[in-house]
Structures are given as structure tokens and as C-alpha cells.
Amino acid sequence: LKLKDNESVTMAINCEPAGIVISTSFGRLLFVTLRDSTGRLKVQLKQQLVKSQTGFLFHSFNSSKEIVSSKVGAIVGRGERLLHVVTKGGDFKTFHLSLGINCFKRVDINLFEQVLDSLQGLYPFAHGSLQVLDSHPLFPDTSSAHVILSSIANDKETYYILSTVILDEKTNSFTIFSTYR
């Protein structure tokens with residue numbers, strides 16, 4: 001695995017039977033297979049799912065693109081599995097990982113504005129302090145419902161928010177089902 005100068009591995013997720021997914025400090029998401037489509041041992045970088053989030057000329061990293069959550073989803077076929085990824089800025093992606101075919105995105109949405117809108121009435125300070133911290137699928141055999149953990153802060157306190165979102169893969173959209181502080 002070739003990393004760039006000052007780049008490090010921040011997370012490694014076991015996505016068997018498909019392989020392993022590695023996220024880096026530069027925001028890259030790499031899919032590594034451990035065997036070929038016939039089952040023989042063969043470790044290789046199969047695909048870069050998310051490119052580096054640092055600029056070519058300016059080496060600054062946009063912290064909203066930092067991957068804060070990578071969770072495995074359902075096994076959807078032989079050598080295939082879903083992976084759910086969320087960034088600090090609320091980008092939510094579901095990838096279809098596969099040993100035999102190219103991986104692809106099944107869902108690519110941004111949760112941030114709608115979560116912020118759901119909080120704005122009760123917590124006006126949410127604007128400017130909202131951070132997405134984690135996510136988790138509610139049911140292991142389906143990818144439609146997820147719990148999103150986020151935080152908002154004012155001068156005195158930090159509040160943690162749990163939002164349940166229902167994804168619609170066909171329309172590449174979502175609905176906030178509930179929000180709790």
C-alpha cells in the first residue's frame with residue numbers, strides 16, 4: 001500500500017467476504033482484496049473509492065471531508081458486501097464492494113443541512129457548531145435505516161444528538177425519522 005508523504009492509516013475495516021477497506025489521514029478510502037475471484041490468496045489494492053482530499057498545490061486538508069465512520073453492511077452476494085461511510089461534514093456514502101466486479105456507490109447524499117434544519121428551531125447555536133460524529137445501520141440485513149450521532153455546542157455545554165434517518169436508494173435521498181438530544 002503506497003501512502004503519500006505524511007499520510008497515515010486512520011481506520012481499517014474488515015469487509016469480508018469482499019476484503020478490507022482502509023481510510024487515511026488525507027481522506028482517501030482504499031479497497032484492498034485478500035484473494036481473487038476464484039478464492040486464491042492475492043493481496044492487492046483493488047480500487048480507490050474516495051480520492052485524496054488534499055489539494056495538489058495547497059496541501060491543506062478540508063476537515064469536513066474527514067471520515068468519521070465506516071460500518072459494514074449486509075453481504076449482498078458471493079464476495080460482495082455493503083460499506084457505509086460518513087464524513088464529519090455529513091457526506092454519507094454506501095459502497096457496493098466486490099471481488100469480481102468494480103465497486104460502485106449505491107448512495108451518495110449529504111445529511112448536514114437537513115440535520116441542521118431539524119435542530120435550528122430549538123438550538124439556534126447549532127449553526128456553526130454542528131459536527132457529525134458517527135453512524136450505524138439499525139438493521140444488519142438492510143441498508144435503509146441508520147442512526148447518526150452528531151454534536152452541537154454553545155459556550156457552556158455540548159449536546160449530543162441522535163438522528164434516525166431512512167435512506168431511499170432509488171431516489172438517492174433520505175428522510176429524518178426522529179431526532180433526540
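Residues numbered from 1 in each chain as written. Predicted model: local features only at pLDDT ≥ 70, side-chain atom pairs only at ≥ 80, totals over all residues. Heavy atoms only, no water.

**Quick word on the packing of aromatic side chains**
Applicable threshold: Here a Phe, Tyr or Trp ring, Trp counted by its six-membered ring, pairs with any other such ring whose centre lies within 6.5 Å, and the pair is stacked when the planes are under 30 degrees apart, edge-to-face when over 60, and tilted otherwise. Relative accessibility under 20% of the residue-type maximum defines a buried residue, over 50% an exposed one, and the middle range a partly exposed one, all with a 1.4 Å probe and only protein chains included. Where helices and strands are cited, they refer to DSSP runs of H or I of at least four residues and of E of at least two residues respectively, numbered from the N terminus.
Applying the stated rule across the entire model yields 3 aromatic pairs. Here Tyr123 and Phe125 contribute two aromatic rings whose centre-to-centre distance is 5.8 Å and whose plane-to-plane angle is 70°, an arrangement assigned as edge-to-face. Of the residues examined, Tyr123 reaches a relative accessible area of 14% and is grouped as buried. Assessed through its relative accessible area of 24%, Phe125 is described here as partly exposed. Both rings, one in Tyr123 and one in Tyr159, keep their centres 5.6 Å apart while their planes meet at 40°; by these two values the pair is tilted. Residue Tyr123 is found in the loop between helix H1 (112-120) and strand E9 (131-137), and its partner Tyr159 is found in strand E11 (residues 158-168); the two are separated by 36 residues along the sequence. With respect to class, Tyr123 is no different from Tyr159; both count as buried.

**Side note on the environment of Arg181**
Note the cut-off: Residues are treated as being in contact if the distance between any of their heavy atoms lies within 4.5 Å.
Relative to the assigned elements, Arg181 resides in the segment after strand E12 (173-180). Accessibility expressed as a relative area gives 60% for Arg181, which makes it exposed. For the pair Arg181 and Ile20, spaced 161 residues apart in sequence, the C-alpha to C-alpha distance is 34 Å. The residues touching Arg181, leaving out its near neighbours within four places in the chain, are Tyr123, Tyr159, Tyr160 and Ile161.

**Re the sheet that holds strand E6 (residues 80-87)**
What counts here: Here, a strand pair is defined by DSSP locating no fewer than two bridges between the strands. Working convention: axes come from line fits to C-alpha atoms, limited for helices to the stretch in contact. Angles between N-to-C directions cover 0 to 180 degrees.
Across the sheet, which stays open at both edges, the 4 strands sit in the order E5-E6-E7-E8 with antiparallel pairing between neighbours. Of all the strands in the sheet, just strand E5 (67-77) and strand E8 (104-110) have a single pairing partner and so form its edges. Looking at each pair of strands side by side, their axes are set apart by 15° on average, direction ignored. When E5 meets E6, the two strands line up antiparallel, connected through 7 bridges. Across the sheet, the residue bridging to Lys71 is His84, located in E6.

**Notes on unusual backbone geometry**
A cis amide bond links Glu16 to the next residue, Pro17, at an omega of 15°. Mapped onto the elements, Pro17 comes out in the loop between strand E1 (9-14) and strand E2 (20-24). Although it is not a glycine, Asn6 adopts a positive phi angle of roughly 65°. In this fold, Asn6 is placed in the segment before E1. By relative accessible area, which is 75% here, Asn6 ends up exposed. With a phi close to 55°, Asn172 is a non-glycine residue in the positive phi region. Within the secondary structure, Asn172 is located in the loop between E11 and E12. For Asn172, a relative accessible area of 34% gives the class partly exposed.

Function cannot be inferred from these measures alone, as they are strictly geometric.
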